[in-house]
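Here's the letter readout for the chains.
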Amino acid sequence: MSAFFSRLWICIGLSALALTAFGQKRSDPIGVKVPMPGHHQLVCDWDKDPGCLFSLNPIILSQKDNEIHLAWDFIDTAILWQEKGPELMPLQDYKESIRKAISHEKLTTILKDQRPDQQTSKQPRPAEPSNPEIVKHGIAGAVRPINCLESHLLAYQTSRFDLFEQPTEFHGFILKGQVDDIPLVRVYFVASDQPFPPKPVLVIQHIELLIEAGWQLYGHLHNHYAPAEEFYVGAAAPSQADVHYYKVLVNRFDLQFAFVTNGFQTVEIKAAELGIFNSH
Ligand SMILES: [Zn+2]
């Protein structure tokens, strides 16, 4: 189900070619367009809407070979944030591949080991905890099931490149704003066929403009996976490079939350907690 409302194009002149990844410099305006909005009601019921995110036309910022820079607008409803996201087919296949490769029991143990529990709360905290230990010991960050929006985004990339056979990471920038009194969520999505996502230079330009227009950078989402020798399941914790990147986003755009998902569960980190984590 999707609903289109009025489509308003805001044309704003700014430099693109001279912009660094975080838009430090501006020179000749080239007229980047930020489309506002063609928003959808994201439905997280696979039976009712088998297309889900896949049936919604994204705003295409850039598309070349397998590298995509896209955006979707959604009406901000509780369903987006609903935990235990929908069992979207590409994600189901991915989870099933892991279960077959390492057993259901091993998978359960790995996921449990990523979360704080009563046992770890009784153990002494490491003197210099790693980022996964910071999460595991409940020092900072909170692990919860993957939510609806995250499931859709990961399934989208997984449908392009099988996360089990050819793992890739994507960038997801989640912004919140309001247009005509309608609360909206805009999600920018950047990915390719490579293990690491492309630099989101164009997206950063859009974020600058949206923030100038009163929007908020609510969250940054990306996914983690692990190689076969580490049992496939990605860490539910940020890397040191991730934390460095988040700090830049906080300083520049007042990022509120950082999210890292492995397809099963997601660690959610508040901006104020980032200083607790190890960073480059
Ligand atoms: Zn990462």
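Whatever comes next refers back to the structure up there.
Residues numbered from 1 in each chain as written. Predicted model: local features only at pLDDT ≥ 70, side-chain atom pairs only at ≥ 80, totals over all residues.

Here we look at the overall build of the chain
Heads up, the condition is: Secondary structure elements are taken from DSSP: a helix is a run of H or I of four residues or more, a strand is a run of E of two residues or more, and numbering for both begins at the N terminus. Partly exposed residues are those whose C-beta has more than 12 but fewer than 20 other C-beta atoms within 10 Å; with 20 or more the residue is buried, with 12 or fewer it is exposed, and the C-beta atoms are placed from the backbone. Whether two residues are in contact depends on their C-beta atoms, placed from the backbone: they are in contact if these lie within 7 Å.
Secondary structure assignment for the chain yields eight helices and ten strands. The buried share of the chain, reckoned over its 280 residues, is 39%. Long-range contacts, defined as pairs at least 24 residues apart, comprise 72% of the intrachain contacts of the chain with a sequence gap of at least 6.

Digging into the packing of helix α2 (residues 89–102) against helix α3 (residues 104–113)
Definition in use: The axes used here are C-alpha line fits, helices contributing only the stretch in contact, and every angle between their N-to-C directions lies in the interval 0 to 180 degrees. Orientation is classified from the angle alone, with under 35 degrees giving roughly parallel, over 145 giving roughly antiparallel, 65 to 115 giving roughly perpendicular, and any other angle giving oblique. Gly counts as polar in this scheme, as do all residues outside two lists: the nonpolar Ala, Val, Leu, Ile, Met, Phe, Trp, Tyr, Cys and Pro, and the charged Asp, Glu, Lys and Arg.
Look at α2 against α3: their axes get within 6 Å of each other, and the N-to-C directions meet at 110 degrees. Here α3 runs roughly perpendicular to α2, going by the angle between their axes. Contacts between α2 and α3 pair Ile98, Arg99 and Ile102 from the former with His104, Lys106 and Leu107 from the latter. The class makeup of the residues in the contact of α2 with α3 is three nonpolar, one polar and two charged.

Let's talk about helix α6 (residues 148–160)
Counted only if it meets this: Each residue after the first adds 1.5 Å to the expected span of a helix.
The end-to-end C-alpha distance of α6, which contains 13 residues, comes to 19 Å, matching closely the 18 Å that a straight helix rising 1.5 Å per residue would cover. For α6, the tally of buried residues reaches eleven of 13 residues, placing the bulk of the element in the interior. Along α6, the residues classified as buried are Cys148, Leu149, Glu150, Ser151, His152, Leu153, Leu154, Ala155, Tyr156, Gln157 and Thr158.

Notes on the pairing of strand β4 (residues 67–75)
Test applied: Strands are treated as partners if at least two bridges between them are detected by DSSP.
One ladder, built from five bridges, connects strand β3 (residues 59–64) with β4; its direction is antiparallel. If you follow Ile60 over to β4, its bridge partner there is Leu70. Hairpin remark: β3 followed by β4, antiparallel, with two residues in the connecting loop; positive phi at Asp65, about 50 degrees. The sheet contact formed by β4 and strand β7 (residues 182–191) spans eight bridges and is antiparallel. Residue pairing in the sheet places His69 in a bridge with Val190 of β7.

Concerning the nonpolar core
For the record, the criterion: When buried Ala, Val, Leu, Ile, Met, Phe, Trp, Tyr and Cys residues are joined through C-beta atoms within 7 Å, the set is termed a nonpolar core.
In terms of nonpolar packing, the biggest core is built from 58 residues, with Leu153, Leu175, Val187, Phe189, Ile207 and Leu217 touching the most fellow members. When residues in this core are grouped by element, the largest group, seven residues, is from β7. Setting aside residues no more than four positions away along its own chain, Phe189 makes contact with Leu70, Ala71, Leu153, Phe170 and Gly172.

Side note on the environment of Val243
Position of Val243 among the secondary structure elements: in helix α8 (residues 240–253). Val243 sits 34 residues away from Phe277 along the chain, and the two C-alpha atoms are 7.0 Å apart. Sequence-distant contacts of Val243, that is, excluding residues within four places in its chain, are made with Pro238, Leu274, Phe277, Asn278 and Ser279.

Concerning the sheet that holds strand β6 (residues 171–179)
Ordered in space as β3-β4-β7-β6-β8-β9-β10-β5, the eight strands form an open sheet in which the pairing is mixed. The two strands at the open ends of the sheet, each matched to only one other strand, are β3 and β5 (142–145). When strand polarity is set aside, the average angle formed by the axes of neighbouring strands in this sheet is 20 degrees. In terms of strand pairing, strand β9 (residues 257–261) meets strand β10 (residues 265–270) through five bridges, oriented antiparallel. Residue Phe257 lies in a different strand from β10, and its bridge partner there is Lys270. Contacting β8 (216–223) and β9, α8 runs over the sheet at an angle of about 165 degrees to β8.

A short note on unusual backbone geometry
Within the chain, Ser103 stands out as a residue other than glycine whose phi angle is a positive 85 degrees. On the basis of neighbour count, Ser103 is assigned to the exposed category, with 12 C-beta atoms found within 10 Å. Not every positive phi belongs to a glycine, and Phe231 is a case in point at roughly 65 degrees. By secondary structure assignment, the location of Phe231 is in the loop between β8 and α8. The class of Phe231 is partly exposed, set by 15 C-beta atoms lying within 10 Å.

Things to note about the pairing of β8
Extensive coverage of β8 is indicated by the burial of seven of its eight residues. As judged from the six bridges shared by β6 and β8, these two strands associate in the antiparallel manner. Directly across from Leu175, in β8, lies its bridge partner Leu217. By the bridge criterion, five bridges tie β8 to β9 in an arrangement that is parallel.

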